[in-house]
Amino acid sequence: MADTDSFLHLARPLGPAVVGAQPTTAPLNVVIQPSAIFSILDHSLRRNADQERVIGTLLGTRSEDGTEVEIRNCFAVGHTETQDQVEVDMEYQKQMLALHLRANPREVLIGWYATSSELNTFSALIQNFYGSQGDGTWPHPAVHLTISTDPGQDIEARTYISAPVGVTAERAADSAAFIPVPNEIRYGDAEKSGLELISGAKDREDRTTGVLTDIESLERAIEEVLAMLERVSNYVNSVLDEESPPSSALGQFLMNALALAPKVDASDVERDFNNHIQDVLVISYLANTIRTQIDLSNRLATAALTTGPADGLGGNAEGGQRGGRDQRKGRGQQNRERE
Amino acid sequence: MADKLLKENPLRAVQVEALVVMKIIKHCSQTFPTTATGSIVGLDVNGTLEITNSFPFPVVDIPTLDSHHESTAASNFAAAAPRAKANTVYQNEMIKMLREVNVDANNVGWYTSANMGNFVNPHFIENQFHYQKDINERTVAIVHDVSRSSQGGLSLRAFRLSPQFMAAYKEGKFTTESLQKSNMRYQDILIELPLTIHNSHLLTSFLHQLPEKPRTGELEFPSNLAALSQGPNVPQAPLYPNFDSLDLAIDPFLEKNCDLLLDSIENHQTENNNYQYYQRQLAREQAKITAWQQKRKAENAARAAAKQPALPEDEWTRLFKLPQEPSRLDVLLNSRQVEQYARQVDGFTASVSAKMFAVKGNLLPGDVQ
C-alpha cells in the first residue's frame with residue numbers, strides 16, 4: 001500500500017545505546033496481517049465522537065535476528081488528547097497485554113498504532129513509552145503503524161521506527177526521529193477463503209454477503225475464468241484484425257500457456273474418467289444410503305415400542321438386523337476405497 | 001416481560017462482522033489440528049444477532065507424560081474450555097476491558113474450530129447448553145471448519161440447541177420412552193441459523209485497495225517474456241473469486257470423509273450392541289421375575305391349602321434389579337454427525353462431478369454434447 005514511496009535503508013537507526021548491549025543495525029521489514037488492520041479499522045469506527053485519532057497496542061512475532069516483524073494482533077487502548085496534554089491508560093494497556101498473552105503466549109509486544117498519519121509531539125511521547133525499558137519493547141525498536149482513515153482518501157498504512165533525538169535530556173523524552181520502514185500486507189492460505197468471502201461483499205450496496213456453498217463458489221470461479229478467456233480472445237482477434245498493436249512477449253506467453261494442455265490419448269482419458277466418476281458417484285450414493293439407513297434406524301428405535309409392550313425380543317431381532325445391514329454397508333464402503 | 005419478548009422474537013439470523021471472521025480464521029488455523037475455542041461478543045437487534053468482536057480463550061500448557069497424548073489432551077481441554085470456570089472469569093474480565101474501548105460488551109456465545117465437520121459431539125452440546133442455560137438464552141455457537149475452508153469456500157456456520165433438546169437435556173433423560181413422548185428426532189438437536197457477513201464502510205474502502213490499487217492509464221506492453229512474470233505491473237491474484245475451488249485434487253478429501261463416516265458407523269454399531277445387550281439383560285431379568293412370581297403363587301396356593309397366611313407377592317422389586325436403559329443421547333448425536341458427513345459428501349461430489357465433466361470435455365473436444 002505504502003510501497004509507492006521508495007526508500008533506501010543503509011542502516012537501521014540505533015536505539016538508546018547501552019553499555020554491554022550491542023544493538024543490531026540490520027534493516028527492518030514489517031509484515032502486517034489483514035486481521036490486525038481489520039481490527040484497527042473497527043477500532044477507528046468505535047472511537048468517541050470528539051476523538052481525532054485512536055491508538056492501540058500491536059502484538060506479533062519477531063524473527064530471531066529481529067529483521068522481520070510480523071504484526072498479527074492488536075488491541076485498542078483508551079487515551080485522551082487535548083491541546084497540550086496526552087493521557088494514555090497505562091494500567092489498561094498492561095492488563096490487556098497480560099490477558100492477550102494468556103491466550104496467545106507466542107505473541108510479543110511489537111509497538112503501537114494510531115489511526116491518523118500525522119506524527120506529532122504526542123506521537124513521540126507515546127513512541128518513547130512503547131520503546132522504553134521495562135514494559136516496552138526494548139532492546140528491539142518499537143514499531144509505529146499509522147493507518148490513515150480520512151474520509152474520501154485511500155487508506156494508507158505506514159510503519160516507522162524511531163531514533164532518539166533531543167537537544168537536552170529533558171527534551172529527549174518527548175522527541176523522536178521517526179524513520180519510515182517498508183511494510184507489506186501478507187495473508188496466508190487459510191485466510192484466503194475468508195478474505196474471498198469478505199471481499200465478495202465489497203461491491204454490494206448493503207455490504208453483506210452469505211456463506212457460499214461449494215457449487216456456488218465453483219460457479220463464480222468458472223464465470224470469472226470464462227470472462228478472462230473472453231478478454232484474451234478479444235485481444236487476440238483485434239491483433240489479427242490489425243486493430244491493436246501486437247506484442248511478441250504476450251504472444252509467447254499465450255503459446256506457453258496453451259502448450260500446458262496435456263497430450264493424452266483419448267481412450268486413456270475416457271477410461272480414467274469413467275473409473276473416477278464411478279468412484280465418486282458410488283461414494284455419493286453410499287453416503288446417501290447411509291443417511292437413509294441411520295434415519296430409518298432411529299425411527300425404528302423409537303417406533304418399535306408404540307405398537308406393542310416393551311418386550312425385549314422384538315427390539316432385539318430388529319436391532320440385530322439393523323446392525324447386520326450397517327456392517328454390510330461398512331464393508332462395501334471399505335472395498336470401494338481400496339479400489 | 002423479558003421472557004415474553006424472547007418468546008415472541010426468536011433469533012432468526014446471525015450477522016458476523018468481517019473482523020470476527022478474520023479473527024476466528026486466524027485463531028483456528030493457527031492451532032489446527034488442535035481444537036480452538038473462543039468467545040464472541042455482539043448485540044441482538046430484533047432477532048438478528050450481530051457479532052462484532054471475538055477473542056480466544058487462554059491456552060493452558062498441560063503437563064503430559066508422553067508426546068503421543070499431547071495433542072488429544074490439549075484438544076480435549078480446548079473443547080471443554082468454554083464451560084470451564086477459569087475461562088468464565090477470563091471472559092468477564094476481557095469483556096469488562098473491551099467495554100472501555102466502546103466494543104459491544106455483551107457475550108453472545110462462543111466459537112469452535114472443526115475438522116471436516118466433526119463438531120457434533122458431547123463437548124459441543126455441553127458447551128452450548130452451558131451458554132444457553134446459564135449465561136444467556138440468546139447465544140449461538142459458531143463453527144469454523146478449517147479443512148473444508150482450505151478446499152476453497154469458507155465454511156462458517158451458526159448453531160443453537162433447539163428448545164426441545166434443551167428441555168430434554170436439562171432432565172438428562174434420553175430413554176426410548178422419553179424420546180417417544182417428546183417426539184424428538186436427531187435432526188431436531190441443532191438449529192442452524194442463516195449466517196451473513198457484514199463489512200463496515202471503512203473496511204469496504206480498504207478492500208477496494210486489496211491486494212493492490214488498480215492502475216490508471218494505459219499500460220505499456222512488456223518487452224520480453226520475463227517481464228511478464230516480474231516487474232511492477234504484475235498483478236496479484238484477486239481475492240475474489242478464489243480459484244482454489246477449481247482445484248482437481250479431490251481424492252484426499254473424499255477419503256478423509258469416508259474414513260470419518262466409517263468411524264461414525266462403527267460408533268453406531270457399538271451403541272446398537274450396547275442396546276441389544278441391555279435388551280437381552282432386561283429379558284433375562286424379566287424371565288427370572290416371572291419365574292419367581294409363579295413360584296411364589298404356587299407357594300401361596302400351597303399355603304392357602306394349608307391355611308397359612310399368604311406371603312407378599314411384590315417382594316420381587318427388592319430381590320431383582322432391572323438394568324438401566326442406556327442413554328439414547330449418544331445415538332442421537334452420532335446420527336446427527338452421520339447426517340452431517342453424508343451431506344458433506346453429497347455437496348462435494350456435486351462440484352467434483354461438474355469439474356470432472358469439464359476436464360473431460362476439455363481433453364476430448366469431440367465428445368462435448
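A quick note: this is a predicted structure, and the numbers were derived from the prediction, not measured.

1. Quick look at the domain arrangement of chain B
Residue and element names in this part refer to chain B.
And then number 1: Split by domain assignment, chain B resolves into domain 1 (2-202) and domain 2 (253-367).
And then number 2: One C-alpha centre belongs to domain 1, the other to domain 2, and the line joining them spans 29 Å.
And then number 3: Contacts between the two partners involve 25 residues from domain 1, matched on the other side by 20 residues from domain 2.
And then number 4: Approximately 1900 Å² of surface area, both sides summed, lies buried where domain 1 meets domain 2, with 64% of it carried by carbon and sulfur atoms.
And then number 5: Contact with domain 2 buries area across many residues of domain 1, yet Met-116, Val-120 and Tyr-186 alone supply 33% of it, more than any other trio.
And then number 6: Where domain 1 meets domain 2, there are zero salt bridges.
And then number 7: Taken together, domain 1 and domain 2 are joined by three residue pairs in polar contact (both at pLDDT 80 or more).

2. Considering the interface of chain A and chain B
And then number 1: The interface is formed by 113 residues belonging to chain A together with 110 residues belonging to chain B.
And then number 2: Applying the counting rule to chain A against chain B returns three salt bridges.
And then number 3: The shortest N-O distance in the salt bridge between Asp-104 of chain B and Arg-46 of chain A comes to 3.6 Å.
And then number 4: Seen at the junction of chain A and chain B, the total is ten residue pairs in polar contact (both at pLDDT 80 or more).
And then number 5: In terms of residue count, helix H8 (residues 266-307) of chain A provides more of the side of chain A that touches chain B than any other element does, 23 residues in total.
And then number 6: Residue composition of the side of chain A that touches chain B, grouped by class: 49 nonpolar, 39 polar and 25 charged.
And then number 7: Strand direction decides the pairing type here: strand S11 (residues 208-210) of chain A and strand S8 (residues 195-198) of chain B, joined by three bridges, are antiparallel. Residue pairing across strands places Thr-209 of chain A opposite Ile-197 of chain B, the latter belonging to S8 of chain B.

3. A few points about the pattern of salt bridges
Residues and elements named next belong to chain A.
And then number 1: For the coordinates displayed, the defined rule picks out 15 salt bridges over all chains.
And then number 2: The partner of Glu-81 in a salt bridge is Arg-53, with the nearest N and O atoms 3.2 Å apart. In this pair, Glu-81 is assigned in strand S4 (residues 79-81) and Arg-53 in the loop between helix H1 (34-45) and strand S2 (55-62), connecting sequence segments 28 residues apart.
And then number 3: On the accessibility criterion, Arg-53 (5% relative accessible area) is buried.
And then number 4: In this structure, Arg-271 engages Asp-268 in a salt bridge whose closest nitrogen and oxygen atoms are separated by 3.5 Å. In this pair, Arg-271 and Asp-268 both sit in helix H8, three residues apart, roughly one turn of the helix.
And then number 5: Given a relative accessible area of 48%, Arg-271 falls into the partly exposed group.

4. A word on the domain arrangement of chain A
And then number 1: Along its sequence, chain A is organised into domain 1 (29-189), domain 2 (221-261) and domain 3 (262-302).
And then number 2: Here the C-alpha centroids of domain 2 of chain A and domain 3 of chain A sit 38 Å apart.

5. Some points on the confidence of the model for chain B
Residues and elements named next belong to chain B.
And then number 1: For chain B, the average pLDDT comes to 79, and 83% of its residues sit at 70 or higher.
And then number 2: Across residues 63-70, confidence stays below pLDDT 50; counting only partners more than four residues off in sequence or on other chains, it has two contacts.
And then number 3: Across the interfaces of the predicted complex, the ipTM metric reaches 0.77, alongside a pTM of 0.79.

6. Observations concerning the sheet that holds strand S5 (residues 140-145) of chain B
And then number 1: The strand order across the open sheet formed by nine strands is S11(A)-S8(B)-S1(B)-S3(B)-S2(B)-S4(B)-S5(B)-S6(B)-S7(B), and the pairing between neighbours is mixed. Of all the strands in the sheet, the pair left with one neighbour each is S11 of chain A together with strand S7 (190-193) of chain B. Neighbour to neighbour, the strand axes of the sheet diverge by 35° on average, direction disregarded.
And then number 2: Of the pairings in the sheet, the one linking S5 of chain B to strand S6 (residues 156-161) of chain B comprises four bridges and is antiparallel in character.

7. Focus: the pairing of S5 of chain B
Residue and element names in this part refer to chain B.
And then number 1: Judged by how many residues are buried, S5 sits mostly within the fold: six of six residues are covered.
And then number 2: Pairing of strand S4 (residues 107-114) with S5, which is carried by six bridges, proceeds in the parallel orientation. Bridge assignment links Tyr-111 to a residue of S5, and that residue is Ile-142.
And then number 3: Read as a crossover between parallel neighbours, the route from S4 over helix H5 (residues 122-135) to S5 is right-handed.

8. What to know about the side chain of Arg-53 of chain A
Residue and element names in this part refer to chain A.
And then number 1: Among the polar contacts listed, one links the side chain of Arg-53 to the side chain of Glu-81, at a separation of 3.2 Å.
And then number 2: Of the polar contacts made by the side chain of Arg-53, one reaches the side chain of Asn-120; its length is 3.5 Å.
And then number 3: Look past the residues within four positions of Arg-53 in its chain and what remains in contact with it is His-79, Glu-81, Ala-114, Thr-115, Ser-116, Glu-118, Asn-120, Phe-122 and Ser-123.

9. What to know about the side chain of Thr-52 of chain B
And then number 1: Relative to the helices and strands, Thr-52 of chain B is located in strand S3 (residues 48-56).
And then number 2: Take Thr-52 of chain B: its relative accessible area is 6%, and that puts it in the buried class.
And then number 3: Within the local environment of Thr-52 of chain B, its side chain forms a polar contact with the side chain of Asp-104 of chain B, the two groups lying 2.8 Å apart.
And then number 4: If we ignore the near neighbours within four places in the chain, the residues touching Thr-52 of chain B are Arg-46 of chain A together with Glu-17, Leu-19, Val-20, Val-41, Gly-42 and Asp-104 of chain B.

The rules behind these values
Numbers given for residues are sequential positions, taken from 1 along each chain in its written order. In the order they appear in the text, chains get letters beginning with A and ligands get numbers beginning with 1. Side-chain atom pairs in this predicted model are given and counted only at pLDDT of 80 or more, local residue features only at pLDDT of at least 70, and totals for whole chains, interfaces and linings cover all residues. No hydrogens and no water enter the side-chain calculation; it runs on all heavy atoms of the structure. Just so you know, the domain bounds were taken from an automatic or database domain assignment. Contact criterion: two residues are considered in contact whenever any of their non-hydrogen atoms come within 4.5 Å of each other. Reported buried area values correspond to the accessible surface (1.4 Å probe) lost by two parts on association, with both partners' losses combined. Should a side-chain nitrogen of Lys or Arg be within 4 Å of a carboxyl oxygen of Asp or Glu, the pair is scored as a salt bridge. Polar contact is the term for a pair of N or O atoms within 3.5 Å; when the atoms are in protein, one must be able to donate a hydrogen and the other to accept it, and sequence-neighboring residues count only if both atoms are side-chain atoms. Only DSSP runs of H or I covering at least 4 residues are called helices, and only runs of E covering at least 2 are called strands; the numbering of each starts at the N terminus. Under the scheme applied, nonpolar residues are Ala, Val, Leu, Ile, Met, Phe, Trp, Tyr, Cys and Pro; charged residues are Asp, Glu, Lys and Arg; polar residues are all the others, including Gly. For two strands to be treated as a pair, DSSP must find no fewer than two bridges joining them. In this scheme, a residue with accessible area under 20% of its type's maximum is buried, one over 50% is exposed, and one in between is partly exposed, where area comes from a 1.4 Å probe on protein chains only. Confidence scores here are pLDDT values: one per residue, from the predictor, ranging 0 to 100. Angles run from 0 to 180 degrees between N-to-C directions of axes, and those axes are lines fitted to C-alpha atoms, restricted for helices to the stretch in contact. For crossovers, right-handed means that the path from the first strand over the helix to the second runs clockwise, given strands pointing away from the viewer.

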